[in-house]
Structure formats: C-alpha cells, structure tokens
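# Observations on the three-dimensional arrangement
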Amino acid sequence: MLDSYIKLVKGGQDEIVEKKSRFIGQVMPVSSEEEAYAFIESIKKKHYDARHNCFAFSIGEEMPLLRFSDDGEPQGTAGKPILEVITNSGIHNICIVVTRYFGGTLLGTGGLVRAYTDASKAALEVCETKLMQRIYPVDIKTNYTDMGKIQYILNTNEIRILDTIFAEDVLFVTEIPVNDKDRIVSEITEATGARAEITVKDEIFG
C-alpha cells in the first residue's frame, strides 16, 4: 500500500512552439475513466481545427489504470511520452491532453517526443498539487498542566494540529502520519504519565 502520493488539486495549461508548430498542454484532475474521456472530448471540441489532440491519463492510486493515444502522430511519439511525464511526476488521477497545430515543418520522431514531453511538463508546472499521506486522525484530550508538553511534542515532530478546543480540558485535533503514530503516541503517553486520553481514528489519506 502506498504511504503517499501526489494529488492534482488544480489543473492548468501552457504551450510551447517548435518549428512553428504549437503544442498546447492541458491538464485536469479526473477521478474516473469517464471523466478523463469527457475532458478529452471537450478539448477536441475546443480545438476542432487542430491537427492532433494526443492524450494520456492515470486513474487510481494502487495499480492505476493507464491509457494513452497518439491521435494520428507516428506510433510512440506522443501519447507514450505524455504518459511517461505523468508516471514520472508521481501524480495520480490526472489527464493530460496536448493539442498540436501543425506549423508546416516535420519534426521527426525525436523532435515529436521532445515536443510532447516538454508541452506536458510546461502545463504541469503551472498546476497546483498536494502531497497526500496515509494518516491517522488523532484526538488528544489533556489537562491544562500537560498541555505544553503535548504542544512541544507535536510541534517538534511537525504534526499538523487542525484545531485546539479549550473547555474543562484541552482537546487537540491532529493528523499523524501512519509511520509516526506509534512513536508519537508513546512520547505523549510517557511525557504525561499516561494522563492524556488519545483517540486514534480510522486511517485516511490527508
């Protein structure tokens, strides 16, 4: 099981020009094969007058569904290079379409591979991404005397504190990476003499 993956939060678009051919890279987060093909069709309609609309997409975190198309370009010069950009990025649930407006000069197989690769990378660079980790939502209930000790442990280990609720006791609402959970719980238990009430919830990606 993956401990982490990169999530595409917001798509983007950028383009390059190679020997007067325009290569427009367009990126979109997708959660299903149907969403990916819907995005591809929308790009084809938008750029109906383009020579090629080549694409690749990856769906799912574990053993992702991978698809690509050269859309009339020589085999292996467009879709596969786009897919390699996706797989090398570590991003899941993503679709990239690269639209080509032919500029009148043939680029050769090597030139096409470079152009489709560079257009995909350029578009990815303007996207917004987020590192997703397997985490445990953890609630830590403590008295005011031990509050500072717990804050120190959480801050030192860069544990995300989502909320701090002050009432009769203090409640820290946190997210702890899966690989750090046992160690952090042990540190807090030892530092507070087991006085802290620690509730570990079901594992999620966050």
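Residues numbered from 1 in each chain as written. Predicted model: local features only at pLDDT ≥ 70, side-chain atom pairs only at ≥ 80, totals over all residues. Heavy atoms only, no water.

Moving on to the pairing of strand 7 (residues 94-101). In terms of burial, strand 7 is a largely internal element, eight of the eight residues being buried. Neither face of strand 7 is open: one carries Ile94, Ile96, Val98 and Arg100, the other Cys95, Val97, Thr99 and Tyr101, and all of them are buried. The sheet contact formed by strand 3 (residues 21-29) and strand 7 spans eight bridges and is antiparallel. Residue Gln26 lies in a different strand from strand 7, and its bridge partner there is Val97. (Buried < 20%, exposed > 50% of the residue type's maximum accessible area, 1.4 Å probe, protein only. Helix = DSSP H or I, 4+ residues; strand = E, 2+ residues; numbered from the N terminus. Pairing = 2+ DSSP bridges.)

Take the pattern of salt bridges next. Counted by the stated rule, this structure contains twelve salt bridges. Between Arg100 and Glu73 there is a salt bridge whose closest N-O contact spans 3.0 Å. Note that Arg100 is positioned in strand 7 and Glu73 in the loop between strand 5 (65-69) and helix 2 (79-89), a separation of 27 residues in sequence. Like Glu73, Arg100 is buried. With a closest N to O distance of 3.1 Å, Arg183 and Glu187 form a salt bridge. Of this pair, Arg183 and Glu187 both sit in helix 5 (residues 181-191), four residues apart, which is roughly one turn of that helix. The network of salt bridges with shared partners includes Asp146, Lys149 and Arg195. (Salt bridge = Lys/Arg side-chain N within 4 Å of Asp/Glu carboxyl O.)

Let's shift gears to the environment of Asn88. Considering the arrangement of structural elements, one finds Asn88 in helix 2. Residue class for Asn88 comes out exposed when judged on its relative accessible area of 67%. A C-alpha to C-alpha distance of 11 Å links Asn88 and Thr117, two positions 29 residues apart in sequence.

Turning our eyes to something else, we now look at the environment of Ser69. The residue Ser69 is located in strand 5 in this model. Spatially, the C-alpha atoms of Ser69 and Ala56 are 6.5 Å apart, while their sequence positions differ by 13 residues. In this view, Ser69 contacts Cys54, Phe55 and Gly79; residues no more than four positions away in its chain are not counted. Of note is the side chain of Ser69, whose polar atom sits 3.1 Å from the backbone nitrogen of Asp71. (Contact = heavy atoms within 4.5 Å. Polar contact = N/O pair within 3.5 Å; in protein donor to acceptor, adjacent residues only side chain to side chain.)

With that settled, the discussion passes to the packing of helix 4 (residues 147-156) against helix 5. Contact geometry for helix 4 and helix 5: axes closest at 10 Å, N-to-C directions at 155°. Judged on the interaxial angle alone, helix 5 and helix 4 are roughly antiparallel. Between helix 4 and helix 5 lies a crossing of right-handed hand. For the pair helix 4 and helix 5, the contacting residues are Lys149, Ile150, Ile153 and Leu154 in the first and Ile184, Glu187, Ile188 and Ala191 in the second. Broken down by class, the residue content of the contact of helix 4 with helix 5 amounts to six nonpolar, no polar and two charged. (Axes fitted to C-alpha atoms, helices over the stretch in contact; angles between N-to-C directions. Parallel < 35°, antiparallel > 145°, perpendicular 65-115°, else oblique. Left-handed = near helix turned anticlockwise from the far one by under 90°. Nonpolar A, V, L, I, M, F, W, Y, C, P; charged D, E, K, R; others polar.)

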